[in-house]
Amino acid sequence: MSEPSNPFATKPSTGRSLEKVVLGIFRAATYFVLLCGLAIFADIVLKGLPTVANAFKTTSTFPYVTNTFLFEAPESLYVFEHEGKKLEMGDREFRAFREAEEAKAAAAKQPAPKFKPESYVYSAGGIWPCIVGTVLLVVGSMSIALFLGVCSAIYLNEYAKDGPVVRFIRLAILNLAGVPSIVFGLFGFGMFVIFFGWNVSLMAGWFTLAFMVLPVVITASEESLKAVPKGFREGSLALGATKWQTIRKNVLPYALPGILTSSILGIARVAGETAPIMFTAAYVVRDKLPWDVEKSADFFFQGVMALPYHIYVVSSKIPQNEYTARVQYGTAFVFLGIVATIAMSSIIFRNKLRSRYKW
Amino acid sequence: MSSAPTTPPTEKPPESAKAFPILKERTRFFGLTLDETIRAFFGGNAITAVVVLALITFFLFKEGSAFFGLNRESVTLYRKAGLEYVDYMRAQQESHTALTRYLFDIRLRAVSELTGKDGLSVAEANARLTAFDDFAGRYSDTIEPIRGMVSELTDVAVSIKDKYTINEDAKTERAQFLAAGMTAEADAVRIIEIDFKAELAPLVGVTPVYIETANGVATAITEVLASPPALPVPALDYRLTRFKELNRQFLATFPETRRLVETWDFQKPVPVLDTVTGFLFGRQWLTASFWQDWYGILPLFIGSLMVSIIALTLAVPLGVGAAIYINQFASLREQRVIKPAIEFISAIPSVVLGFFGIAVLGSVLRAWSQQALTLPEFLQGIPLVSWVLGLPLHALNAIAPHIPGFPFSERLNSLTAGCLLALIAVPTIFTLAEDALNNVPRSFKEASFALGASRMQTIMRIIVPASLSGIVSAVLLGLGRVIGETMVVLLCAGNRISIPDFSEGLSVFVQPVHTMTGIIAQEMGEVVRGSIHYRALFMVGLVLFFLALLINFFAQKIVRKYRISIG
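Residues numbered from 1 in each chain as written. Chains lettered and ligands numbered in written order. Predicted model: local features only at pLDDT ≥ 70, side-chain atom pairs only at ≥ 80, totals over all residues.

Enquirer: Kindly report on the overall build of chain B, identifying the contributing residues and their values.
Expert: Summing up its helical and strand segments, chain B has 26 helices and four strands in all. Relative to the compact-globule value of 24 Å for 567 residues, chain B shows a C-alpha radius of gyration of 34 Å, a clear excess of over 25%. C-alpha atoms of chain B, sized along the principal axes, occupy 120 × 90 × 50 Å. Looking at the 567 residues of chain B, the share that counts as buried comes to 32%. The long-range share in chain B, meaning contacts at least 24 apart out of those at least 6 apart in sequence, stands at 78%. (Helix = DSSP H or I, 4+ residues; strand = E, 2+ residues; numbered from the N terminus. Rg over C-alpha atoms; globule rule 2.2 N^0.38 Å. Buried ≥ 20, exposed ≤ 12 C-beta atoms within 10 Å, placed from the backbone. Contact = placed C-beta atoms within 7 Å.)

Enquirer: So what about the overall build of chain A? Which residues, and what values?
Expert: Secondary structure assignment for chain A yields 12 helices and five strands. Its C-alpha atoms give chain A a radius of gyration of 28 Å, more than 25% over the compact-globule value 21 Å for 359 residues. In terms of overall dimensions, chain A has a C-alpha envelope of 95 × 85 × 40 Å along the principal axes. Split into buried and exposed, the 359 residues of chain A put 42% on the buried side. Nonlocal contacts in chain A, meaning residues at least 24 apart in sequence, comprise 75% of its contacts between residues at least 6 apart.

Enquirer: Let's hear about the interface of chain A and chain B: which residues, and what values?
Expert: Across the boundary between the two partners, chain A contributes 67 residues, which contact 70 residues of chain B. Partitioning the side of chain A that touches chain B into residue classes produces 48 nonpolar, 15 polar and four charged. (Nonpolar A, V, L, I, M, F, W, Y, C, P; charged D, E, K, R; others polar.)

Enquirer: Explain the domain arrangement of chain A residue by residue, including any values.
Expert: All names here are of chain A. With domains assigned, chain A is organised as domain 1 (75–124) and domain 2 (128–356). Domain 1 and domain 2 are separated by 45 Å when their C-alpha centres are compared. Residue-level contacts link seven residues of domain 1 with seven residues of domain 2. The element that contributes the greatest number of residues to the side of domain 1 that touches domain 2 is strand β5 (residues 118–125), accounting for four residues. Among the residues making up the side of domain 1 that touches domain 2, the classes are represented as five nonpolar, one polar and one charged. (Domains from an automatic or database assignment.)

Enquirer: Tell me about the domain arrangement of chain B, and please be specific about residues and values.
Expert: Residue and element names in this part refer to chain B. On domain assignment, one finds that chain B holds domain 1 (66–272) and domain 2 (299–349 + 411–562). Contacts between domain 1 and domain 2 engage five residues on the former and four residues on the latter. Residues belonging to the side of domain 1 that touches domain 2 are distributed by class as follows: three nonpolar, two polar and no charged.

Enquirer: Report on the confidence of the model for chain B, specifying residues and quantitative values.
Expert: All names here are of chain B. Confidence in the prediction for chain B averages 83 pLDDT; 94% of positions are at 70 or higher. Here helix α1 (residues 16–19) is the element of chain B with the lowest mean pLDDT, 53, and helix α15 (residues 298–329) is the one with the highest, 93. Segment residues 1–7: pLDDT under 50, and zero contacts once partners within four positions in sequence are set aside and those in other chains are kept. Across the predicted assembly, pTM comes out at 0.87 and ipTM at 0.90. (pLDDT = per-residue confidence, 0-100.)

Enquirer: Pulling in residues and values, what's your account of the environment of A:Lys86?
Expert: All names here are of chain A. Tracing the sequence through the fold places Lys86 in strand β4 (residues 85–90). C-alpha of Lys86 to C-alpha of Phe97: the two residues are 11 residues apart in sequence and 14 Å apart in space. Among all residues touching Lys86, those that are not within four sequence positions of it are Val79 and Glu81.

Enquirer: Before we move on, could you go through unusual backbone geometry and cite the residues and values that matter?
Expert: A positive phi is found at A:Asn199, a non-glycine position, where the angle reads about 60°. Residue placement: A:Asn199 occurs in the loop between α6 (181–195) and α7 (202–227).

Enquirer: Could you give an account of the sheet that holds β4(A), naming the residues involved and the relevant values?
Expert: Residue and element names in this part refer to chain A. The three strands lie next to each other as β4-β3-β5, forming an open sheet whose pairing is antiparallel. Sheet topology places β4 and β5 at the edges, where each strand pairs with a single neighbour. Shown here is a sheet whose adjacent strand axes are inclined to one another by a mean of 30°, direction ignored. In this sheet, β5 lies alongside strand β3 (residues 74–82) in antiparallel orientation, the contact comprising five bridges. Of the residues in β5, the one forming a bridge with Glu75 is Ala124. Across the sheet, helix α3 (residues 91–107) touches β3, β4 and β5, and the angle it forms with β4 is around 125°. (Pairing = 2+ DSSP bridges. Axes fitted to C-alpha atoms, helices over the stretch in contact; angles between N-to-C directions.)

Enquirer: Run through the packing of helix α5 (residues 83–116) of chain B against helix α7 (residues 130–141) of chain B, naming residues and quoting values.
Expert: Residues and elements named next belong to chain B. Put simply, α5 and α7 touch, their axes get as near as 10 Å, and they point 170° apart. Judged on the interaxial angle alone, α7 and α5 are roughly antiparallel. Across the interface between the two elements, Thr100, Leu103 and Arg107 from α5 touch Phe132, Ala136, Tyr139 and Ser140 from α7. (Parallel < 35°, antiparallel > 145°, perpendicular 65-115°, else oblique.)

Enquirer: Requested: an account of the nonpolar core, with residues and values cited.
Expert: By size, the foremost hydrophobic cluster in this structure holds 190 residues, and its most contacted members are A:Leu214, B:Val352, B:Ile429 and B:Val540. Looking at this core element by element, the count peaks at 18 residues for α15(B). Every residue in contact with B:Val540, bar those within four places of it in the chain, is listed here: B:Ile297, B:Leu300, B:Met516, B:Ile519 and B:Ile520. Within the second largest apolar cluster, 17 residues are counted, among which are B:Ala81, B:Met89, B:Ala157 and B:Tyr210. (Core = buried A, V, L, I, M, F, W, Y, C linked by C-beta atoms within 7 Å.)

Enquirer: Tell me what's going on with the pairing of β4(A), and back it up with residues and numbers.
Expert: All names here are of chain A. As paired elements, β3 and β4 share six bridges and run antiparallel to each other. When the bridges of β4 are listed, Tyr78 appears paired with Met89. Where β3 folds back onto β4 in an antiparallel hairpin, the turn is made up of two residues, including Glu83, whose phi is positive at roughly 50°.

Enquirer: Any details on the environment of B:Pro383? Residues and values, ideally.
Expert: Residue and element names in this part refer to chain B. Among the structural elements, Pro383 can be located in helix α19 (residues 383–399). On the basis of neighbour counts, which here come to 8 C-beta atoms within 10 Å, the residue Pro383 falls in the exposed class. The sequence separation of Pro383 and Asn167 amounts to 216 residues, and the corresponding C-alpha distance is 76 Å.

Enquirer: Summarise the packing of helix α1 (residues 14–53) of chain A against helix α16 (residues 332–346) of chain B; cite the residues concerned and give the values.
Expert: Between two packed helices, the angle of one axis relative to the other and the distance separating the axes together describe the packing. Two elements in contact, α1(A) and α16(B), have axes whose closest approach is 10 Å; the angle formed by their N-to-C orientations is 45°. Looking at the two axes, α1(A) sits oblique to α16(B). Note that α1(A) runs across α16(B); the crossing there is left-handed. Across the interface between the two elements, A:Thr30, A:Val33, A:Leu34 and A:Gly37 from α1(A) touch B:Ile338, B:Ala341, B:Ile342 and B:Ile345 from α16(B). Here the contact of α1(A) with α16(B) is composed, by residue class, of six nonpolar, two polar and no charged. (Left-handed = near helix turned anticlockwise from the far one by under 90°.)

What follows is the structure, encoded as structure tokens:
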């Protein structure tokens, strides 16, 4: 014992090693969750990316490049053997090919070749109508939800005094947030589709989705309004402005960025939900694009294809094999990409905003 | 501000209005000033949440409430047309079939035992089991008389039911003709009132024959059982004993069936309450059958519950553990990365998770349960990586046989769905639990440290208990999310509508189930509007709605009641 031992040094004890073990378990839990999320993400990106990446094609008209997966409508896929080769073709291509072959055979005075294709629905072509439909649904429902939500939040935060009515409203908002999305779907079906007679339409989907995200938007807006310091309002009121002038000029402008960024999370939710639009707005397949309507009023009362519903259809209604996996993973990848971009931008904007406004 | 003048109006000089220029007439809408109008407008918007909740309740009730009346009609017809009578006998036949299956199961085990342990060929094993096969054959034949009766009576009952249905259709047709003012066509519609009593005569007439047959069957079974074969596998003898015991129980039900058949009355009214309990506690959800449709929510409810139990068992430790780690241990930089990352997981759409379950997770879990986990192909080629990653896989494969329920053969089952739902619940539980931990005042922690407690003691005995109410409510809200989740269970839970077999221990958790949310999503698109099935789906929606409200209510109540006063 050449050195005197430090009497205050930490001594190894069972308690301390236990602490390390428990800490390790907690840390493992955290990273396990992240790993699971990452695994799913990686699987879908790795298998879905080639679908989109391989679909680029040059064209002869202006942009000179297009993506057949992103910008074409879904078609059936035909797989058949021809002259010893295995061929895969989309619906239109297959018809053209068959006609060409038959014409060739007729010219050579041979019997027309027989094709025995196996067909897989929706497995060729792209998902353009679904992307359009999803964007339309999100834009419409978020406009409704933002309007209703911001107005509700203004009332709750600026006008209302705490009392039974306000408490009741807050309770309703809390409960509305907990209602399962499929129940919203049933409600939308019962009210908009049947009672109002809107049928399966954009309008029905908009309102159903808007009511579903309403609690998210209200909560987000209220938080942003609360973040505006009291002094802003008092200063304005002291200068003789009315309440509405104060809100319009001195509260809303400062709260609006926050409201919008937090509501992006609501957008992610709207875009990601399938259950509410299943019976209210989504079609399994529709040939026309939404703007191909005779009267402009028809625009609001037409059903659309939507990405989440399309994923459900292609993953449950057609078999899983090498030919269908392409479109399944591709659709999932595009959809996940869209939603992830929205969510990511919400998180980034929020962090930026936090550092911008400091009062 | 419009205040009443306190002094009687005096003569005002006209200049005074100019001297006080702010005083001006306000624009009024319906007697409200502009500001009050704006306030009312915002207030009206704030009511939306309340209105929407009320509308949801109203429309679910509106579409669903007719279910009970329709179901009562259906059950009444079930009784009047004699289907109920036939079902008493059918139940007997089905119990017997189940017992026969039990015998087959014994045979299967015996064969695997003989070929596996004793190393016999299949032909030899079969040769050894001839005595047993003979016994099983004789046993399964004993029910034949009843089986024959049931199939005959089934036809009779179905024909009565069909006649009634055709008649009802004719009645509605006539009503439609009359409503349209087409009397001639209405008169042409032929309606024959059904005399149920006369129609049922051949059915009820067989009661004495049935009793005789049943007695015969009972004697036959007893006779067959009296001479059981010696099994070549002694280890399975206990199963044969169990089989006899089951048969004894089966025979004990004969007098009860006899009583039911004898006292059966087609005119006995169906109480309204029965339709309610039949829905809430009914053990069968059977639709579009030629015989009788049943709408019992129990199998769906149990399915939802089992999936949720799996999800929460996985998600609570992970979510709460992660929350404690992030809140108490993690460095600031770690927090900044992990918190958004977990939030990000919550943004993965459920339908994508469901697709992942179908495409990947289901097969992986099944492979694991069968000890057949392997690396993906592109990793197998790389020598070092495949070795390093292979180790945990081997470990997982090694522990697979020790996990209850493994191996299983269904790719899509409640475990697959539960695992994915756990991933949905974790962000909810994590965020709310982390908030709760965050709300514990600093002074609690500091006081604990000052008293000499270690970090672990502080966390486990002070901080977690102080935030327990918040954590519990976080778990409840996570449960709410899981129970209400649709797409994952629709795609991954296997969609088999039956109450899982609880007699098999923990392997119930790897059986396919159907859930309340799943059934709505699956069947809503296909039902006829206004039919009983359609109404039943709305009733399921209503149950879900109230379940969600209940969970929310408890979550809020727990937070309010057990919140530690901070001061």
